[in-house]
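Structural description and commentary
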Amino acid sequence: MTALKRLMADWYRDLSEGEGPVVYLPVGGNVAELPRACGFRVFFPEVNALQCALRKVAGEFILRAEEQGYSPDVCGYVKSDMGLAASGGSGPFGTIPKPDILLCTTSGCSTTLKWFEALAGIHEAPLFVLDVPSVRDGAADPHALRYVVRQVEELASVLEKIGRRKPSRDRLAETLERSRQAEDLWMEILDSARAKPSPFDAFFEAVFFMAPITVLRGTPECVEYYRAAREEVRGRVAEPERRRIVVDGPPPWPHFRAFRDLFKRWGARCVASTYVRVGGDWDEGFRHDPSRPFESMAEFAARCYTNRSLPARRAILEREIRRFDADALVIHSVRSCRPYSVGQACLRVRDVPTLFLESDLADPRHFNEGEMRTRVDAFFEVAR
Amino acid sequence: MMDALEEIVASCGRTSVAEDVAAWKARTGGKAVGCFPVGVPEEILHAAGVLPVGITGGAVTTQRADSGVPTFTCSLARGTIERGLDGDLSILDGMIFPDACDVARNLEGIWRENSPGRISEVVRLPRNPQSKHAHAFLESEFERLRTTVGEMSGRDAKDKDLRSSIQAYNRNRALIRELSRIRGEQPWRLRATESFLLVRAGRSVPVEEHNALLESAARAIEMSGRRRRDGVRVVIEGAPCEPPPAGLIETLEEAGCLVVEDDFLAGRRRFGADVEATGSPLSALVRAVLRDVPPSGPRRAEGLIEKVRRTGARGVVFCVAKFCEPELLDLPLLRAAVERGRIPHLTFEVDGGMGVFESVREQVEAFVEPPVFFP
Ligand code: SF4
């Protein structure tokens, strides 16, 4: 955890004190390797909003945005960020630099597009939209993938102009190779949850462990982090577990501990989760590939979990339940994220007991601890 | 006594969508497919002999707990699934959803999971129209749709069929543009509620029939001797996807607004000019889509100010569907822009189930009264 804190602190420090052009990116299906290889510093408004929620300052920012006319019914991350902008851009982590360009991939949600449009207006910076068509079934169809690849090529020349630096083939290959290495290590860690008992919690721990692969993918620090993390997990003596659960949905960041403890009391270990796939997934051996630079970035962009149809998501859940030998499914539906939550209640998997909970990922007002506890307890009580 | 136009408008609501579709199916033996707003290319369905049925919302009556559509989604989404699965829209042979918003895109999966045997498709509209490759992508996307629809109806949409469908829809859009022109210039000759109902009537009949209706309405407007009516000229913004109930528009007008422009039923009005009916028809459709991408965010705010100036409107009424995130996210930007332009504005969050408009009336009356407009 301390290594992680240091990494995140360094990331913020580099943003406020470092040199080089700045690009804003969303988490979902981003192609961070490309701007990184062109010398850009990358910033993720969502990750910042998440940090605000975790540090319990999002509530104030959200109120501030609502005073400015944002509805109580829109994404809490956006409001947290708009509230932050209205407060002069200074948050708990220092001042975030203005973007030289915003690069919005559409695979995560269409809300980010509105968010980035608004930010581009505030900062008077150009916005590049990388349109990633949604994926209906297993894999993206060829014409959609071709369209994404071509746009990544177009993006490369835009970045070159703004960053005044050509993305050299070698640098890009090196960056992608580091992504691949980190991905291999990260997959190994996630896979360790197949052991019984599992030494690793694929939700309550993984949501922190996934930070470097989200914000630092392609850097040497990221590879180092996962190498050390894998060793640490390998050396663990697993604590006993009573239940093996799969979790669908993001965590309620402002009440993370309280939420985690509801499950801990029952000895429930999460063995697989979908939230770790909100950037993209590495199923069926997919990895970033220096020999197919643009193609693999495009493919990664399409593989973001919320870019997939509900039937495809159900198939993933079924597969993970089998693969990790889980005995229950927990669906956490958050208001803020419609691509996640609309239809989520029909994702129940046959013959697998399912617990459905609702709150939010950023807005502390939507979390009712008493009610949640009652439902969690009732669920595990029955299934005991 | 009703004038000729009022009689035509009254005829629009006499039969329900389900009755219209049932009658058409009985008459032709064809299939009917729902087109969720905004952006499904109806021409492709029409050319394959399928009836495209426009989904325009309405009240949500029961909450199907198992449908998976949460309560914090627009009534359009909730209503479509509910009515499509076991309500009046179960007469449809399938649904096509554009991925215009995250909710619409996910509805496709819900529909597919719950309606085996009926078609369920997503049309992915390009969100990067600046890309040189958006055209090729969208053309393949439309081609894919043409194949799916053709397989379903048993009749291929050949290029020549598509060209004549494009012509029929061009005629439709030209007639609708004409209604908008009249309203912009002499709003007392055609009320916003009337034009809304006239345009909406096209949702459940073939386009040729709708064209005939609009032509007769145009003639009736021409003949009518309606007297000039005073009121405060306003633009309505914020409802391109889920429109407000007609009663709300009527209330705005009764309370003193002359609605000179609105963005209701945007799918029927998305092209500012004709789609070319020569050459490759799919390619022509794609060019039109890429040419007339609706502006969003700050660009939309600029467009709104321009619209207000162009129409000589004195105020803006925002009618945004409750829980509609795309509109609710643009709203603060739009409001900030009209405030900078010192344009008075008023906001309503609407829901397909709204039936009582007393508080709307009071707010509008206060809005159109001096001193807001006559300082
Ligand atoms: S009304 Fe808004 S939220 Fe609902 S489907 Fe339309 S765009 Fe999406």
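From a predicted model like this one, the values you see are computed outputs, not experimental measurements. (Residues numbered from 1 in each chain as written. Chains lettered and ligands numbered in written order. Predicted model: local features only at pLDDT ≥ 70, side-chain atom pairs only at ≥ 80, totals over all residues. Heavy atoms only, no water.)

1. Section: the overall build of chain A
What chain A contains, in helices and strands, is 16 helices and ten strands. The C-alpha radius of gyration computed for chain A amounts to 20 Å, which stays within 12% of the reference 21 Å derived for 384 residues, consistent with globular compactness. Principal axes of the C-alpha set define a box for chain A whose edges measure 60 × 50 × 40 Å. When the 384 residues of chain A are sorted by exposure, 65% land in the buried category. Sequence-distant contacts in chain A: of pairs separated by 6 or more residues, those separated by 24 or more amount to 76%. On chain A, roughly 14,300 Å² of surface is accessible, and the fraction owed to carbon and sulfur atoms is 50%. (Helix = DSSP H or I, 4+ residues; strand = E, 2+ residues; numbered from the N terminus. Rg over C-alpha atoms; globule rule 2.2 N^0.38 Å. Buried < 20%, exposed > 50% of the residue type's maximum accessible area, 1.4 Å probe, protein only. Contact = heavy atoms within 4.5 Å. Areas by Shrake-Rupley, 256 points an atom, 1.4 Å probe, with all protein chains shown as cover.)

2. Quick word on the site of the ligand
Around the ligand, a shell composed of F36, C74, C101, C241, E242, C324 and P326 of chain B is seen. Taken together, the residues of the shell around the ligand break down into six nonpolar, no polar and one charged. (Near = heavy atom within 4 Å. Nonpolar A, V, L, I, M, F, W, Y, C, P; charged D, E, K, R; others polar.)

3. Details of the interface of chain B and chain A
The interface is formed by 48 residues belonging to chain B together with 53 residues belonging to chain A. The junction of chain B with chain A conceals about 4,100 Å² of combined surface from both sides, 54% of it contributed by carbon and sulfur atoms. The partner of D131 of chain A in a salt bridge is R127 of chain B, and the shortest N-O contact between them spans 3.1 Å. Counting only elements with at least two residues in the side of chain B that touches chain A, the list comes to α5 (102-114), β4 (119-123), α6 (134-153), α12 (297-311) and α13 (325-340) of chain B. For the side of chain B that touches chain A, the element with the highest residue contribution is α5 of chain B, accounting for ten residues. Here the residues of the side of chain B that touches chain A sort into 18 nonpolar, twelve polar and 18 charged. (Buried area = accessible area lost by both parts, 1.4 Å probe. Salt bridge = Lys/Arg side-chain N within 4 Å of Asp/Glu carboxyl O.)

4. Re the sheet that holds strand β1 (residues 32-35) of chain B
Residue and element names in this part refer to chain B. With parallel pairing, four strands are arranged side by side in an open sheet as β2-β1-β3-β4. The sheet terminates laterally at β2 (51-54) and β4, the two strands that pair on one side only. Adjacent strand axes in the sheet meet at a mean angle of 25°, parallel and antiparallel pairs treated alike. In terms of strand pairing, β1 meets strand β3 (residues 94-98) through two bridges, oriented parallel. Of the residues in β3, the one forming a bridge with C35 is I96. Across the sheet, α6 is in contact with β1, β3 and β4; its angle to β4 comes to roughly 165°. (Pairing = 2+ DSSP bridges. Axes fitted to C-alpha atoms, helices over the stretch in contact; angles between N-to-C directions.)

5. A word on the sheet that holds strand β2 (residues 41-43) of chain A
Residues and elements named next belong to chain A. The strand order β2-β1-β5-β6 describes an open sheet built from four strands, whose pairing is parallel. The open sheet is flanked by β2 and β6 (127-130), the only strands paired with a single partner. Each strand of the sheet is rotated relative to its neighbour by a mean of 25°, with strand direction disregarded. Packing against the sheet, helix α6 (residues 111-123) makes contact with β1 (22-24), β5 (101-105) and β6, and its axis sits at approximately 175° to β5.

6. A word on the environment of I110 of chain B
Summarising the element assignment, I110 of chain B is placed in helix α5. In this structure the C-alpha to C-alpha distance between I110 of chain B and D274 of chain B, which are 164 residues apart in sequence, comes to 35 Å. Non-local contacts of I110 of chain B, meaning those with residues more than four positions away in its chain, are made with L310, V342, G343 and C346 of chain A together with S67, G68, V69 and I81 of chain B.

7. Structural notes on the state of the cysteines
Residues and elements named next belong to chain A. Summed over all chains, the structure comprises zero disulfides over all chains. In this structure C75 is not part of a disulfide, and its nearest cysteine sulfur, from C109, lies 6.8 Å away. No disulfide involves C304; its nearest neighbouring cysteine sulfur is the one of C109, lying 8.5 Å away. (Disulfide = S-S within 2.5 Å.)

8. Details of the environment of W266 of chain A
All names here are of chain A. Within the secondary structure, W266 is located in the loop between α12 (256-264) and β8 (268-273). Overall, W266 belongs to the buried group, its relative accessible area being 11%. Considering only alpha carbons, one finds W266 and T219, 47 residues apart in sequence, at a separation of 38 Å.

9. A short note on helix α5 (residues 76-86) of chain A
Counting buried residues along α5 of chain A, nine of its eleven residues qualify, which places the element largely inside the surrounding structure. Regarding α5 of chain A, the residues found buried are G76, Y77, V78, K79, S80, D81, M82, G83 and L84 of chain A. On its buried face, α5 of chain A is in contact with α3 (45-54), α4 (58-67), β3 (90-91) and α6 of chain A together with α13 of chain B. Where α5 of chain A terminates, the next one or two residues include G88 of chain A, which has phi positive at roughly 90°.

10. Let's talk about the environment of A144 of chain A
In this fold, A144 of chain A is placed in helix α7 (residues 142-163). Excluding residues within four positions of it along the chain, A144 of chain A makes contact with P133 of chain A together with R124 and F137 of chain B.

11. What about the confidence of the model for chain B?
Averaged over chain B, the pLDDT score is 94; the fraction of residues at 70 or greater is 97%. Scored by ipTM, the complex comes to 0.95, with pTM at 0.96. (pLDDT = per-residue confidence, 0-100.)

12. Topic: the pairing of β1 of chain B
Residue and element names in this part refer to chain B. Side-chain alternation along β1 places A32 and G34 on one buried face and V33 and C35 on a second face that is also buried. Bridge count between β1 and β2: four bridges; the pairing is parallel. Within the sheet, the bridge partner assigned to C35 lies in β2 and is G54. Read as a crossover between parallel neighbours, the route from β1 over helix α3 (residues 42-47) to β2 is right-handed. (Right-handed = clockwise from strand over helix to strand, strands pointing away.)

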